[in-house]
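Per-entry structural report
Residues per chain are reported as follows:
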Amino acid sequence: MALRPIVKYGDPVLHSPAASVDRVDDSIRGLLDDMVQTMYAAPGIGLAAPQIGVPLRVIVIDLSVGGDPKQVIKLVNPELLERDGEQKHEEGCLSIPGYGGSPARPLRVTVRGLGPDGEERVYSGSELLARAFCHEIDHIDGLLFVDRLSPLKRDLMKRKLRKRAREGWEE
Ligand SMILES: [Zn+2]
């Protein structure tokens, strides 16, 4: 396993749709493990492959941030099967450090994808888990939480983020 650098807002890989995975093989399992390790180190509750510069439809989520092994979700080619209700809570993103926003999200979702063994997995989640699924699936569609804010907030934040990206994210 290896820690991978997290790419930041402005990198094209974050702003374009990622490709589906054809086959869940050892390289994908290695990618999933690297993503989990990178997520824990950040620390964060979710990470999508484009955030480490890999344009594939692969996500990991762990609301316990490593505290409870049963909570780790590793999902390949995830898709939203069902969504209902609405919630709005502050979200952050490891690719936009220091910024937050409250996009509208479904209150409950059902998600289908493939696990590390290549077998189908279906998850249902509400509240924070629903937000995490939507946030990470947005990433593989090339969308960030900023893109889902109201037009006024979105334009204001995008202007700041573009400036920040030009200047460089390194502190
Ligand atoms: Zn994010």
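Residues numbered from 1 in each chain as written. Predicted model: local features only at pLDDT ≥ 70, side-chain atom pairs only at ≥ 80, totals over all residues. Heavy atoms only, no water.

In this section: the overall build of the protein. Within the protein one finds three helices and seven strands. Starting at the N terminus and walking to the C terminus, you meet the elements of the protein as α-β-β-β-β-β-β-β-α-α. For a compact globule of 171 residues, the expected C-alpha radius of gyration is about 16 Å, and the protein comes in at 15 Å, within 12% of that figure. Across its three principal axes, the protein shows a C-alpha extent of roughly 45 × 35 × 30 Å. Counting across all 171 residues of the protein, residues that qualify as buried make up 42%. Restricting the contact set of the protein to residue pairs at least 6 apart, pairs at least 24 apart contribute 63%. With the model as given, the accessible surface of the protein reaches about 8700 Å², and the carbon-plus-sulfur share is 50%. Computing the positive centroid from 24 side-chain charges and the negative centroid from 26, the protein places the two 7 Å apart. (Helix = DSSP H or I, 4+ residues; strand = E, 2+ residues; numbered from the N terminus. Rg over C-alpha atoms; globule rule 2.2 N^0.38 Å. Buried < 20%, exposed > 50% of the residue type's maximum accessible area, 1.4 Å probe, protein only. Contact = heavy atoms within 4.5 Å. Areas by Shrake-Rupley, 256 points an atom, 1.4 Å probe, with all protein chains shown as cover. Lys, Arg positive; Asp, Glu negative; His and termini not counted. Charge placed at Lys NZ, Arg CZ, Asp CG, Glu CD.)

Distances from the zinc ion to its protein donors, namely C93 (SG), H135 (NE2) and H139 (NE2), fall within the range 2.1 to 2.3 Å. When the donors of the zinc ion are listed by position in the chain, the intervening gaps give C-x41-H-x3-H. You can see H135 and its partner H139 sitting in helix α2 (residues 127-140), four residues apart, about one turn around the helix. Look at H139 and you get buried, because its relative accessible area is 1%. (Donors = N, O, S within 2.8 Å, 3.2 Å for Na, K, Ca; no water.)

What follows deals with the packing of aromatic side chains. Throughout the structure, instances matching the rule amount to two aromatic pairs. A centroid spacing of 6.0 Å and a plane angle of 40° characterise the contact between Y123 and F133, whose relative ring orientation is tilted. With Y123 in strand β7 (residues 120-126) and F133 in helix α2, the pair connects residues that are ten residues apart, well separated along the chain. (Phe/Tyr/Trp six-rings, centres within 6.5 Å; stacked < 30°, edge-to-face > 60°.)

Now for the pattern of salt bridges. Inspection of the entire model under this criterion finds 15 salt bridges. In this structure, the salt-bridge partner of R112 is E79, at a minimum N-O distance of 3.1 Å. Of the two residues, R112 is situated in strand β6 (residues 108-114) and E79 in strand β3 (residues 73-84); the sequence distance between them amounts to 33 residues. A residue is classified by how much of its surface remains accessible, and R112, at 28% relative accessible area, is partly exposed. Judged by its relative accessible area of 37%, E79 falls in the partly exposed class. (Salt bridge = Lys/Arg side-chain N within 4 Å of Asp/Glu carboxyl O.)

Spatially, five strands are ordered β1-β2-β3-β6-β7 in an open sheet, and the strand pairing comes out antiparallel. Because the sheet does not close on itself, it has two edges, and the strands there are β1 (46-48) and β7. Pairwise comparison of adjacent strand axes, ignoring direction, gives a mean angle of 35° for this sheet. Relative to β3, strand β2 (residues 58-61) is paired through four bridges, and the arrangement is antiparallel. Paired with V60 across the strands is K74, a residue of β3. The sheet contacts of helix α1 (residues 26-41) involve β1, β2 and β3, and relative to β2 the element is tilted by about 40°. Running at roughly 155° to β2, α2 makes contact with β1, β2, β3, β6 and β7 of the sheet. (Pairing = 2+ DSSP bridges. Axes fitted to C-alpha atoms, helices over the stretch in contact; angles between N-to-C directions.)

Let's shift gears to the nonpolar core. Grouped together as the largest cluster of nonpolar side chains are 16 residues, with contacts concentrated most on I28, L31, M35, L47, V58, V60 and V76. Elements supplying a minimum of two residues to this core: α1 and β2. Of all the elements, α1 adds the most residues to this core, at six residues. Not counting residues up to four positions away in its chain, the partners in contact with V58 are V21, L31, L32, M35, L47, A48, A49, L75, V76 and I140. (Core = buried A, V, L, I, M, F, W, Y, C linked by side-chain atoms within 4.5 Å.)

For the rest of this paragraph, the subject is the pairing of β7. In terms of strand pairing, β6 meets β7 through seven bridges, oriented antiparallel. Across the sheet, residue R112 finds its bridge partner in β7, namely V122. The antiparallel pairing of β6 with β7 creates a hairpin that spans five residues between the two strands, and G118 there sits at a positive phi of about 85°.

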